[in-house]
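Listed below are the residues making up each chain.
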Amino acid sequence: MSERLPMVFVVDDDQDIRTSLTRALGQRGFEVETFGSAKDFLAAYDGTRAACLVLDYGMPGMSGLELQALLNEEDHPLAVVFITGHGGVPESVQAMKGGAVDFLEKPFRQSVLVDRIRTAFALAEARQEDLEVRRRIRARFDRLTAREEEIVDRMLANPAEVSSKEIGNYLGISPRTVDHHRARILEKLEIRSLVELVDLVAKRDGGG
């Protein structure tokens, strides 16, 4: 099976813009889906496919900036390129602070947009890979029992007091029981040390 074409979502309330971009981007090897509002996009996007989101700033209902803020609250493999007919400096600054690749004013050269889309798609693919790594790590942590989670939390909160005796005293269980739980934790998380545990948690939480 051949690989899917790079995906571009166009969200703009101007039908002419949607039509022209569909034609132009399709001719350049992109798969394109268009939506007339942020609400329509949110109803259709499943949150999993890496893509560039070409997003109009000024739309009735939910604005482009509001959609960007909403997407930033969730883990989505998307990278945004804003297009606008009436955005100013404050709006562009806000968009870029929110992680947008660029903020293009209409009319723009299609070659410039295509260049920004290629950059955005590379970022989206990298984000998708990172999200997949984090999902796999979270799946490992989901294997832990409640007691094992307590021990992990204690080890992370007090790295200077991680002996089985110290953890056992804190939790009111025997050091031997702690030893048993620690062995199971290392096995389930597929690690060998506290250092690897700290690194794994950082990657799970997006800091690695």
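What comes next is a walk through the structure.

Here is what the cut-offs are and how they apply
- Note that residues are indexed from 1 along each chain, following the sequence as it is written.
- Residue-level local features of this predicted model are given only where pLDDT is at least 70; pairs of side-chain atoms are given and counted only at 80 or more, and the full residue set underlies all totals for whole chains, interfaces and linings.
- Values reported for side chains reflect all heavy atoms of the structure, with hydrogen atoms and water molecules removed beforehand.
- Paired strands are those between which DSSP finds at least two bridges.
- The way it works is that DSSP assigns letters per residue, a run of H or I at least four long becomes a helix, a run of E at least two long becomes a strand, and they are numbered from the N terminus.
- Orientation is described by axes fitted as lines to C-alpha atoms, over the contacting stretch for helices, and by angles from 0 to 180 degrees between their N-to-C directions.
- Residue contacts are defined here by distance: any two heavy atoms, one from each residue, within 4.5 Å place the two residues in contact.
- Whether a residue is buried, partly exposed or exposed follows from its accessible area with a 1.4 Å probe, protein chains only, as a fraction of its type maximum: under 20%, in between, or over 50%, in that order.
- Only the six-membered ring of Trp is used, alongside the rings of Phe and Tyr, when aromatic pairs are assigned; centres must lie within 6.5 Å, and planes under 30 degrees apart are stacked while those over 60 apart are edge-to-face, with the rest tilted.
- Counting as a charge over the ring demands two things of the Lys NZ or Arg CZ atom: a distance within 6 Å of the ring centre and an angle within 35 degrees of the ring normal.

Okay, the sheet that holds strand 4 (residues 78–84) next. The strands making up a sheet associate through backbone hydrogen bonding, with each pair oriented either parallel or antiparallel. The parallel open sheet is built from 5 strands, whose spatial order is 2-1-3-4-5. Of all the strands in the sheet, the pair left with one neighbour each is strand 2 (31–35) and strand 5 (102–105). Adjacent strand axes in the sheet meet at a mean angle of 20° when their direction is disregarded. Strands in contact with helix 1 (residues 15–27) are strand 1 (7–11), strand 2, strand 3 (51–56) and strand 4; relative to strand 2, the strand with the most contacts, it is inclined by about 175°. Of the strands in this sheet, strand 4 and strand 5 are in contact with helix 4 (residues 89–97), which crosses strand 5 at around 150°.

Turning to unusual backbone geometry, a few remarks are in order. Cis peptide bonds are those with omega within 30 degrees of zero, and the linkage from Lys 106 to Pro 107 qualifies with -5°. Along the chain, Pro 107 falls in the loop between strand 5 and helix 5 (110–141). With a phi angle near 60°, Glu 190 is a residue other than glycine that sits in the positive phi range. When you line up the elements, Glu 190 lands in the loop between helix 8 (175–189) and helix 9 (194–204). Taking relative accessible area as the criterion, Glu 190 reaches 48% and is therefore assigned partly exposed.

Okay, the side chain of Arg 140 next. Within the secondary structure, Arg 140 is located in helix 5. Beyond its immediate stretch of four places on either side in the chain, Arg 140 contacts Lys 188, Leu 189, Glu 190 and Leu 200.

Tallying each qualifying case throughout the model produces 7 aromatic pairs. Judged by centre distance (6.2 Å) and plane angle (50°), the rings of Phe 9 and Phe 35 are tilted. Here Phe 9 is found in strand 1, whereas its partner Phe 35 is found in strand 2, with 26 residues between them in sequence. Taking the relative accessible area as the measure of exposure, Phe 9 reaches 5% and is therefore buried. By relative accessible area, which is 11% here, Phe 35 ends up buried. Pairing Phe 9 with Phe 41 gives two aromatic rings, centres 5.4 Å apart and planes at 65°, and the pair type is edge-to-face. Pair noted here: Phe 9 is in strand 1 and Phe 41 is in helix 2 (residues 38–44), with a separation of 32 residues, a long-range link. Phe 41 shares its class with Phe 9; the two are buried. A cation sits over an aromatic face here: Arg 154 above Tyr 170, 3.6 Å from the ring centre. One cation-aromatic arrangement involves Arg 204 over Phe 141; the distance from NZ or CZ to the ring centre is 4.5 Å.

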